[in-house]
Amino acid sequence: MSAQRVTITYSGPIVFLSTDHWKQIQNSLVSQLPLRNLHWKSTSRNALRSIQELDVKLVPFEMLREDQAASQIPQSVLEKPLLHLYIFTCEDSEVYRTTVRKQLKEWHASVSTRKNQEWLIIHVVRPDQSVAQGRLFQMKTSVLDKVKADFNLDKKDRCVQLVWSAEKDNPAVWADTISKIKEGVLSSFDAALAQREEEVKRSEGQRQMPGWNFCTFFILKESVASSLEGMNLHEDALQQYYELESIFFQVLREKNLSWFGALITPMPTDDSSPLLSVTKKPYRDLILANTISVFDFRVYLLARQCILLSKIGDMEELCRKAASFLSTFSRTLRDVENTLPPFFIESWIYSSALSVVDQSDEWAKRLTLDKAALSAFNAAKGELLELARQQLDVLGIATGFLPNKPPFSLALPSTFDPADKDPKTKRGSMTITKTELLSSMEDQDTLYELYVNVTNRAIELYASAGRRKFALKLHGSLAALDIHRGRLVNALQTYTSLPAHYSPHGWTSMEAYMLNRALSIHEAAEKPKDREWIHVLLHFLRAYVDDGGKDLLLSEEDCKAYVEKLVAALKEAAQTLDNDTPFPDHPALSVSLVEPHAKLAESRDGALLQVVVNNRLPCDVPAEEVRLQLTGRENSQITFTAKVSSIAPGRTELTLFCPSSAMGTYALANTQISMPRLLFQWRHSKTPKQIKAGNMPTLVYIPKDARALDVRLKQPPLIELGTMSRIRVLLSTGRNEVATASVKLSAPSGIKFQYEDTQLIGEDTPAIRTDAQALTFLDLKAGQTVVAAVPHSDASAYAYMRINITVDYVTTTEPDITRTLRLSRVVATGLPVEINVQDFFRGTRLFTAFTLSTKTHQHVRVRSAQLLSDSETTGVRVKSCVGQKPGIVTLTPQQPGRFLFQMDSEKGTAREGLKLKITYRMLREEVESLIEIAVSEVVSEQLPLEPHRQDLTDKLIQALETNASWVELYGVTGELAVPGVTLTEDEFGAGLRQVMEKLNRKRSPTSFGEWRDIVIPVDVPQIHILASARLQILENPFSAEVEKAEKRTRPLYAGQPISALLTIKTSFHWAPPEDTRVQSYNMRYDIEDLTQDWLVSGRKRGDFVAKDGETFSTPVTLIALHHGELALPKVGVNALPLPGEHRMRSSVVPSCETYEVHGAEKVLVLPRGGRSTFVVNMGTNTSM
């Protein structure tokens, strides 16, 4: 049943319809069609339906009368007109009254009796051309009002005026008319459809009553679908067919098929006709006659659904629905396959699938699909083509042109019987009619060509849809066809390349099958087992152990024997390789830790680690070595190994040994199992992104071996600035007798070490060998500790220096093993204290104050500070000004230490530099040394505590680091009270208690531990002029001698002039030796104005000539501005530039320092006393 267009009739006065004026109006009306943007709100549907475009057919009303005939078969509601138009023109009310109204009434009487059909009267008027606008307007209104009064009886406006002229055909003038037309069409359609749906509902409600006929109900409900389709409401129309399909399945489950004929009545072209054609058979007639077969009914229902899906634009659903129908209904046809021509089902599926692809492509040409929809459409078409290709598998196996084994046999139905599928077998006189299939059943080359063409079409569609895995599966089918045709080279290339595409997606079954086929073809082609073959075999074993490939092994041998044969061939092939070939992350083997703690080898240097090797193959795997690598700080790596001959199936525990292991926590980096020229490797290290996501690395802890070879670094006990820097290397052999030990030091900061100038310290030093790269010790005894001082480049720019130590050593007991010890140490290179110097010149003496403060948060213990000089060579005698103070000074970040020294010198002697020697140690080092001494004392008394020596020390140090409350008590009394230690009742707790008791005893810091010395060069300061200024109050202005002035007894009063004497004594004693010949300097003094205290009168500023040992004096007058204890005004003395001398275009000014002798003096100023008389006017006597 094809969809019909909406029909609208038109009528009018016969004279008017015969004029050219009407033809012009008709053409203009047709140009407004199809109707657009209709909005239908049905009473039976909740949502508003929008119709973007609606085709309309205009027919004369008189022609409809002649063709209309009643029919008992339900038709679409669009079979009848939805709207009747009456179009007329009339400019005179009298003409309307006498002529037009009668014609209108006759037409109205005819159309108003038609059920569910609307009508509309259109009054056409022309713009005024010859009469006044007002008159014309009044005339128009008059006729239109009369029409509305005569015919709008039910208060619904069905009259509209069209102002139209052929000279001014503006589409806007049709707006009101088209709106009325759309309103009438929707109103009629809604009423007609509601009535038809009510009939359908009533019929469906009678389904359980006798006499109800499904076919009659189908025709009735399909008329609703056809009506909706004609209105371009395709989704609603499709829903009707879905509901019909659902009701059919209900009838099918009830097994009430009396309204249908047989399941299928094959016609000559049923196997090759287009599936989606609704005109190839008179389907509606067969349905009405109750003789349609289930096969034809299902095909018709599918075709109608797919046609609507194509109009909606859902091409993917169209193809998938067709593919689903072919797959499901073909299984139904298998039940009656014996009644059908041979290969009817295969021919029908093949032809139908291809026809759906071709028909959908034709429909899709008028659509614009986006990228996602196009990809889905292509994928669905690819599935149809693959379904068609599967029918070629069945035909090929039945004809013997294809082998009855995978992948061809995968398409065989469960009821396949080769005897029944003999192409020579005939059932009756009918055969399939698909020409290309008939040809392929007679000629194998034709079948192969057809097979390849259909498969390639499917591959192209899958590839364009992004369905790579589906395309790869079809490539495998082509490779299997190449094998069958003897094209082994092509097949091998295909099978070798396909697994790389399957593996990332977890298609292990397909991967194993493809690789197994590649191995078989490789052997059949007698190709050499080279590196490529090894990779194919290893990939096959990967897929085999993933439980997806075992069932697809095509060998008749037992799985174990087959895999064992492959592994043996792998070993032989690997030995022919030129170099080692790594193969990462193979699942057949794996190495895992038993526990995350290594154990010490005890009898020799090194650590042991328990691992489990898991072999998932059913046979032994030949191997040479199992290796495990750990990564520590600074990218340090250690390797555990174990020699093996083979790896047995299942779990095997092994003990790996590492001869070079340093204490610490390491992360598992990678594992490896090696066989000749083949390395199975697994990477276990984690990236920062993985760690952030919670995928933490596997950690392994290696304990400290107290008896192993060890290297420590220390600062030398004496550091003298200005000399070559050295670092002490302490190498302890532990349990080992060492033949050679090569020590290499490297600093990331770029500091270079000079091994050639190394000095050994101590007695019984061994032989050494040095070069530019390393320091090598020879023939070391067990338990020996060697100390070497290694010079290095300047490191004063760094407070701490990180040094990486690499020791390669060979013991006499294991000369074949070269152990490598890698350590990282941090050594303090900068001074722990900052030194500030202040110099105070006083005549021939110089007072120097050194302020020591710590650079870090750590406390520094200073035992002594000495300023060293050789009075015979330097001409300077040094004397400490420190009185009786504690022997040890503790420097803290809040409390620096001050040390004052006095120096006397002789004028003119050469004053060379001095040296400041500081004896110190860090408080942490002192406490650690004290703890080690206490632990050693306890361990010597209780030998069972020897294994816990380091644990005791670490426990106490950790407690001190956690709580600093012990510092103050220790600094005062020397008693170390360790806070926050929990004592247990075992042997370890008892030993810890004894150690703490010993630490609580008072000890002198000077009685234990090592002290360090820092020697810092100190220059003797020099100055050209030393001036001492003094301002003295005189008894009277005429006092001539200062001695007498000092015996002043006269009091001083505020506001009273006070005589004073300024004296400036100059000395050249500390002048540089090169300037000793200078006899005098020009200088300037300046008395500071203290405007709040003093008023200075006289020569406040002046110049004078300074000579060595002479005194310049000048009188001044002071006036105290207020009473009280007042400090005397300050005096500043400066040197003037040397006349005639310039350096760097600047004047040369000699250095000068001034100290005020009167700087600490104050004078008492009394308030000025006296009597004053004041006369006060008391006013006049008013009583007189």
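Refer to the structure above for everything that follows.
Treat the numbers as computed from the prediction; the structure is a model and nothing was measured. (Residues numbered from 1 in each chain as written. Predicted model: local features only at pLDDT ≥ 70, side-chain atom pairs only at ≥ 80, totals over all residues. Heavy atoms only, no water.)

Here helix α6 (residues 175-205) crosses helix α7 (residues 214-230) at 155 degrees, and the two axes come no closer than 10 Å. Considering the angle they form, α6 stands roughly antiparallel to α7. Between α6 and α7 the crossing geometry is left-handed. Taking contact as the criterion, the partners of F189, L193, R196, E197, E199, V200, S203 and E204 in α6 are, on α7, F217, L220, K221, S223, V224, S227 and L228. Here the contact of α6 with α7 is built from residues that sort into seven nonpolar, three polar and five charged. (Axes fitted to C-alpha atoms, helices over the stretch in contact; angles between N-to-C directions. Helix = DSSP H or I, 4+ residues; strand = E, 2+ residues; numbered from the N terminus. Parallel < 35°, antiparallel > 145°, perpendicular 65-115°, else oblique. Left-handed = near helix turned anticlockwise from the far one by under 90°. Contact = heavy atoms within 4.5 Å. Nonpolar A, V, L, I, M, F, W, Y, C, P; charged D, E, K, R; others polar.)

A few words on the environment of W22. Along the chain, W22 falls in helix α2 (residues 20-31). Taking relative accessible area as the criterion, W22 reaches 4% and is therefore assigned buried. On a C-alpha basis, the gap between W22 and I87 in space is 8.9 Å, while along the polypeptide they are 65 residues apart. Discounting chain neighbours no more than four positions away, the residues touching W22 are Y10, F16, L17 and I87. (Buried < 20%, exposed > 50% of the residue type's maximum accessible area, 1.4 Å probe, protein only.)

Membership of the largest hydrophobic core comes to 128 residues, with the highest contact counts inside it found for L85, I181, F189, F214, M231 and W348. In contact with F189, not counting residues within four places along its chain, are W40, V77, L78, L82, S227, L228, M231 and L233. Membership of the second largest hydrophobic core comes to 81 residues, among which are L541, V591, V644 and V700. (Core = buried A, V, L, I, M, F, W, Y, C linked by side-chain atoms within 4.5 Å.)

Here we take up the packing of helix α10 (residues 294-312) against helix α11 (residues 315-333). At a minimum axis distance of 9 Å, the contact between α10 and α11 shows a crossing angle of 170 degrees. With respect to α11, the axis of α10 lies roughly antiparallel. Between α10, through V294, F295, R298, V299, L302, Q305, C306, L309 and S310, and α11, the contact on the second element is made entirely by M315, E317, L318, K321, A322, F325, F329 and L333.

All right, on to the environment of S853 then. Mapped onto the elements of the fold, S853 is located in strand β31 (residues 845-854). For the pair formed by S853 and T890, sequence separation is 37 residues and the distance between their alpha carbons is 9.7 Å. In contact with S853, not counting residues within four places along its chain, are P832, V833, E834, L891 and P896.

With that settled, the discussion passes to the sheet that holds strand β6 (residues 118-125). Reading across from one edge, β4-β1-β5-β6-β7 is the order of the five strands in this open sheet, with parallel pairing throughout. Looking at which strands have only one partner, the edges of the open sheet turn out to be β4 (56-60) and β7 (159-163). Direction aside, neighbouring strands of the sheet carry axes that sit 30 degrees apart on average. Sheet topology places strand β5 (residues 83-89) next to β6; seven bridges connect them, and they run parallel. Across the sheet, residue T89 finds its bridge partner in β6, namely V124. (Pairing = 2+ DSSP bridges.)

Moving on, we get to the pattern of salt bridges. Applying the stated criterion across every chain yields a total of 50 salt bridges. A salt bridge links E245 to K321; the shortest N-O distance between them is 3.8 Å. Here E245 is found in helix α8 (residues 234-253), whereas its partner K321 is found in helix α11, with 76 residues between them in sequence. When sorted by exposure, E245 lands in the same class as K321, which is buried. Taking the shortest distance from any N to any O, the salt bridge between R921 and E926 comes out at 3.0 Å. Taking the relative accessible area as the measure of exposure, R921 reaches 2% and is therefore buried. (Salt bridge = Lys/Arg side-chain N within 4 Å of Asp/Glu carboxyl O.)

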